[in-house]
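Here's the letter readout for the chains.
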Amino acid sequence: MSLVLDPAAQDLLFREAHTANTFTDEPVTEEQVQAIYDLVKFGPTAFNQTPLRITLVRSAEARERLVRHMAEGNQAKTASAPLVAILSADNEFHEELPTLFPAFPQAKDLFFAERPAREGSATLNAALQAAYFIVGIRAAGLAAGPMTGFDAEGIRKEFLDDDHTPLVVVNIGKPGEGASYPRSPRLSYEQVVTTV
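Conventions and cut-offs
- Residues numbered from 1 in each chain as written.
- Predicted model: local features only at pLDDT ≥ 70, side-chain atom pairs only at ≥ 80, totals over all residues.
- Heavy atoms only, no water.
- Axes fitted to C-alpha atoms, helices over the stretch in contact; angles between N-to-C directions.
- Helix = DSSP H or I, 4+ residues; strand = E, 2+ residues; numbered from the N terminus.
- Parallel < 35°, antiparallel > 145°, perpendicular 65-115°, else oblique.
- Left-handed = near helix turned anticlockwise from the far one by under 90°.
- Contact = heavy atoms within 4.5 Å.
- Core = buried A, V, L, I, M, F, W, Y, C linked by side-chain atoms within 4.5 Å.
- Buried < 20%, exposed > 50% of the residue type's maximum accessible area, 1.4 Å probe, protein only.
- Pairing = 2+ DSSP bridges.
- Phe/Tyr/Trp six-rings, centres within 6.5 Å; stacked < 30°, edge-to-face > 60°.

## Structural notes on the packing of helix 3 (residues 60-67) against helix 8 (residues 152-159)
Here's step 1: In the contact formed by helix 3 and helix 8, the axes pass within 10 Å of each other and the chain directions differ by 155°. As summarised for this structure, helix 3 and helix 8 are arranged roughly antiparallel, according to the angle between their axes. By crossing handedness, the relation of helix 3 to helix 8 is classed as right-handed. Within the contact between the two elements, helix 3 uses Ala 62, Arg 65 and Leu 66 and helix 8 uses Ile 155, Glu 158 and Phe 159.

## Focus: the nonpolar core
Across soluble globular proteins, you tend to see nonpolar side chains buried next to one another.
Here's step 1: By size, the foremost hydrophobic cluster in this structure holds 24 residues, and its most contacted members are Leu 87, Phe 133, Ile 137, Val 170 and Ile 172.
Here's step 2: Sorting the residues of this core by element identifies helix 2 (30-40), strand 2 (83-90), helix 7 (115-139) and strand 4 (164-173) as the ones contributing at least two each.
Here's step 3: The contact partners of Leu 87, leaving out residues within four places of it in the chain, are Leu 52, Arg 53, Ile 54, Ala 130, Phe 133, Thr 165, Pro 166, Leu 167, Val 168 and Val 170.
Here's step 4: Core analysis: the second largest hydrophobic core is formed by 17 residues, Phe 23, Leu 66, Met 147 and Phe 159 among them.

## Digging into the sheet that holds strand 1 (residues 52-57)
Here's step 1: Spatial strand order, 1-2-4-3: four strands in an open sheet with antiparallel pairing. Where the open sheet ends on each side, the last strands, each with one partner, are strand 1 and strand 3 (143-147). Taken over all neighbouring pairs, the strand axes of this sheet differ in orientation by 30° on average, direction set aside.
Here's step 2: Bridge count between strand 2 and strand 4: eight bridges; the pairing is antiparallel. Residue Val 84 lies in a different strand from strand 4, and its bridge partner there is Asn 171.
Here's step 3: Strands in contact with helix 8 are strand 2 and strand 4; relative to strand 4, the strand with the most contacts, it is inclined by about 90°.

## A look at the packing of aromatic side chains
Here's step 1: Within this structure, the stated rule accounts for six aromatic pairs.
Here's step 2: Here Phe 47 and Phe 111 contribute two aromatic rings whose centre-to-centre distance is 5.2 Å and whose plane-to-plane angle is 35°, an arrangement assigned as tilted. Note that Phe 47 is positioned in the loop between helix 2 and strand 1 and Phe 111 in helix 6 (residues 107-112), a separation of 64 residues in sequence.
Here's step 3: A residue is classified by how much of its surface remains accessible, and Phe 47, at 25% relative accessible area, is partly exposed.
Here's step 4: What makes Phe 111 partly exposed here is its relative accessible area of 41%.
Here's step 5: On the basis of an interplanar angle of 90° and a centroid distance of 5.8 Å, the ring pair of Phe 47 and Phe 112 is categorised as edge-to-face. Of this pair, Phe 47 sits in the loop between helix 2 and strand 1 while Phe 112 sits in helix 6, and the two are 65 residues apart along the sequence.

## Some remarks on unusual backbone geometry
Here's step 1: The phi torsion at Phe 47 lies on the positive side, around 55°, for a residue other than glycine.
Here's step 2: One non-glycine residue, Asn 48, lies in positive phi territory at about 55°.
Here's step 3: Here Asn 48 shows up in the loop between helix 2 and strand 1.
Here's step 4: You can call Asn 48 partly exposed: its relative accessible area is 35%.

Right under this line is the structure:
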């Protein structure tokens, strides 16, 4: 075996993990979410930028507002999940770069002075961080149900502002009965990897 990570951890994070569509009613605590973030914040990004923003939707009133913006097939599971997180990209992330990347503080103005450059970088790097967040949810012994089927502009207006781009909505909790579909096929190494 070429991997250092224990096989049980490999299963927990990847091989046995599935996207969850149903959940038990066991709550997801603030402490669990903080532990997840405190682990995944170390995932690599360009210039150590941290554009991911996480909006936890806990109240019944906020949940109702969110469900209205979800695609029809995502509404019921979003309404019933123990916790829902809106993951977005902060397009003004560059303001933190002098602190987050002290080795090259001028990166803020040299590379990210223009909004289009910031938006592209924020989207890519927040998407990386969103993937780390999903793996972190699995590391906590929970299941994630990430979804991109929603009205992004509606969610932006309802929960965010013009400086934030909604990327994914994630249902979080202990998987319920019949939570996932059978494992779908994946491409093989030979189909994906090219050596030049």
